[in-house]
Amino acid sequence: MSELLHISGGPTKPEVIAISLSKMELKDGITFYDVGCGTGAVSIEASKIARGLKVVAIDAREKAIDVARQNFKNFGVDDVTLISGESSESIDRNADIGTIDCAFVGGTKNISSVLDVLYKKKARNIVVNAVRIETVVNVINKMKELGIFSEVVHVTITRGYELTGETMFKPENPVYIVVGKLQDA
Ligand SMILES: C[S@@+](CC[C@H](N)C(=O)[O-])C[C@H]1O[C@@H](n2cnc3c(N)ncnc32)[C@H](O)[C@@H]1O
């Protein structure tokens, strides 16, 4: 079994990925955008749920693209387009973009523009992970303005670890998961 290569900011914790993906309507053969892909961990997990996923993974950091490329190779995720650049510009610029079935947004820089462009391209399911409260409020307000807001959940994972042969629990940073759905999709 391959080890996932890490990078600063990633990977997203597996439990958070599981909840985030449960909020999407993942189906075989759909197009999955990983916006701010970091290590690519979210796309890798999505590919285990839906067969024949067409992944488009975007990150503004060249280092993240390199790590994601390696992780996709190691985990057998074949149908991937990797884009190095800022997400809103990259998606907007790409005239060839067809359907965006699901978009996971793990990188929230320029989040209003990112949501604008995903809406413009008729992304059907959007799930945003955010940790800063101001970002969460921006995302909720923007989704409401676009008429796509569905729900927000606050997730706190408390992980067990061994201490003197017994088990203690340590909380990890809370994450907000904001869900948007195109109403007439
Ligand atoms: C928290 S990390 C994502 C972690 C990722 N989900 C994983 O499992 O590794 C956020 C990433 O989003 C990228 N990012 C943030 N805003 C972005 C934007 N507007 N466009 C492209 N990449 C962005 C950052 O460079 C960073 O790699």
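Residues numbered from 1 in each chain as written. Predicted model: local features only at pLDDT ≥ 70, side-chain atom pairs only at ≥ 80, totals over all residues. Heavy atoms only, no water.

1. With respect to the site of the ligand
What counts here: A molecule or strand has a residue near it when one of that residue's heavy atoms lies within 4 Å. Identification of polar contacts relies on pairs of N or O atoms within 3.5 Å, with a donor-acceptor requirement for protein atoms, meaning one able to donate a hydrogen and the other able to accept it, and with residues adjacent in sequence counted only if both atoms are side-chain atoms. Residue burial considers only the protein chains on display, and all accessible areas are found by Shrake-Rupley using a 1.4 Å probe. Buriedness for pockets is judged along seven lines, at least five of which must meet protein on both sides within 12 Å for an open set on the 1 Å grid over protein atoms alone, while cavities are sets there where a 1.4 Å probe fits but cannot get out, and lining residues have an atom within 4 Å of a point. For a molecule to be placed in a cavity or pocket, more than half of its atoms must lie within 2 Å of the grid points of that cavity or pocket.
Surveying the vicinity of the ligand reveals 20 residues, the closest of which are T39, D59, R61, E86 and S87. Contacts to the ligand include D59, whose side-chain N or O atom sits 2.7 Å from an oxygen atom. Contact with the protein chains covers 87% of the free accessible surface of the ligand, which is 610 Å². Here the ligand is seated within the largest pocket.

2. Section: the UniProt feature "binding site: S-adenosyl-L-methionine" (unreviewed entry) in the protein
The cut-off we apply is this: UniProt positions are given in the numbering used here, feature names are shortened, and annotations may be inferred rather than shown by experiment. Counting from the N terminus, the helices are DSSP H or I runs at least four residues long and the strands are E runs at least two residues long. To sort residues, take the accessible area from a 1.4 Å probe on protein chains only and compare it with the maximum for the residue type: under 20% means buried, over 50% means exposed, and anything in between is partly exposed.
Following the UniProt record, the feature "binding site: S-adenosyl-L-methionine" (unreviewed entry) maps to T12, G36, C37, G38, T39, G40 and D59 here. Across 48 residues, the annotated set stays spatially compact, with a maximum C-alpha separation of 14.4 Å. As for the lining of the largest pocket, the annotated residues named previously contribute T12, G36, C37, G38, T39, G40 and D59. Here T12 is to be found in the segment before helix 1 (14-22). The exposure class of T12 is partly exposed, given its relative accessible area of 25%.

3. Some details on the pairing of strand 2 (residues 54-59)
How we decide: A pair of strands is treated as paired once DSSP finds two or more bridges between them. Handedness of a crossover is defined as follows: orient the strands so they point away from the viewer, and if the path from the first strand over the helix to the second runs clockwise, the crossover is right-handed.
Burial of strand 2 is extensive: five of the six residues sit out of reach of the surface. Inspection of the sheet shows strand 1 (residues 31-35) paired to strand 2 by five bridges, in the parallel sense. Considered in strand 2, the bridge of Y33 is made with V56. Once you follow strand 1 into helix 2 (residues 41-49) and on to strand 2, the crossover reads as right-handed. Bridge count between strand 2 and strand 3 (residues 80-84): five bridges; the pairing is parallel. Residue pairing across strands places V55 opposite V80, the latter belonging to strand 3. Between strand 2 and its parallel partner strand 3, the chain crosses via helix 3 (residues 62-74), and the hand of that crossover is right-handed.

4. So, the packing of aromatic side chains
Counted only if it meets this: Two rings belonging to Phe, Tyr or Trp (six-membered ring only in the last case) form a pair when the distance between their centres is within 6.5 Å. Interplanar angles under 30 degrees mark stacking, angles over 60 mark edge-to-face geometry, and anything in between is tilted. A ring is scored as having a charge over it whenever the NZ atom of a lysine or the CZ atom of an arginine sits within 6 Å of its centre and within 35 degrees of its normal.
Scanning the entire structure with this criterion turns up zero aromatic pairs. Across the ring face of F149, the terminal group of K144 is positioned such that the distance to the ring centre comes to 5.3 Å. The ring of Y161 carries the charged tip of K170 above its face, separated from the ring centre by 4.9 Å.

5. Quick word on the pattern of salt bridges
Inclusion rule: Salt bridges are defined as contacts in which a side-chain nitrogen from Lys or Arg sits within 4 Å of a carboxyl oxygen from Asp or Glu.
In total, this model carries 11 salt bridges according to the counting rule given. E25 is paired through a salt bridge with K181; the nearest N and O atoms lie 3.4 Å apart. With E25 in the loop between helix 1 and strand 1 and K181 in strand 9 (residues 175-181), this pair connects stretches of sequence that are 156 residues apart. On the accessibility criterion, K181 (23% relative accessible area) is partly exposed. Two residues, K48 and E45, come together in a salt bridge whose shortest N-O distance is 2.8 Å. Placement of the pair is K48 and E45 together in helix 2, with a separation of three residues, close to one helical turn. Taking the relative accessible area as the measure of exposure, E45 reaches 31% and is therefore partly exposed. It is possible to trace a salt-bridge network through shared partners that takes in E15, R159 and E172.

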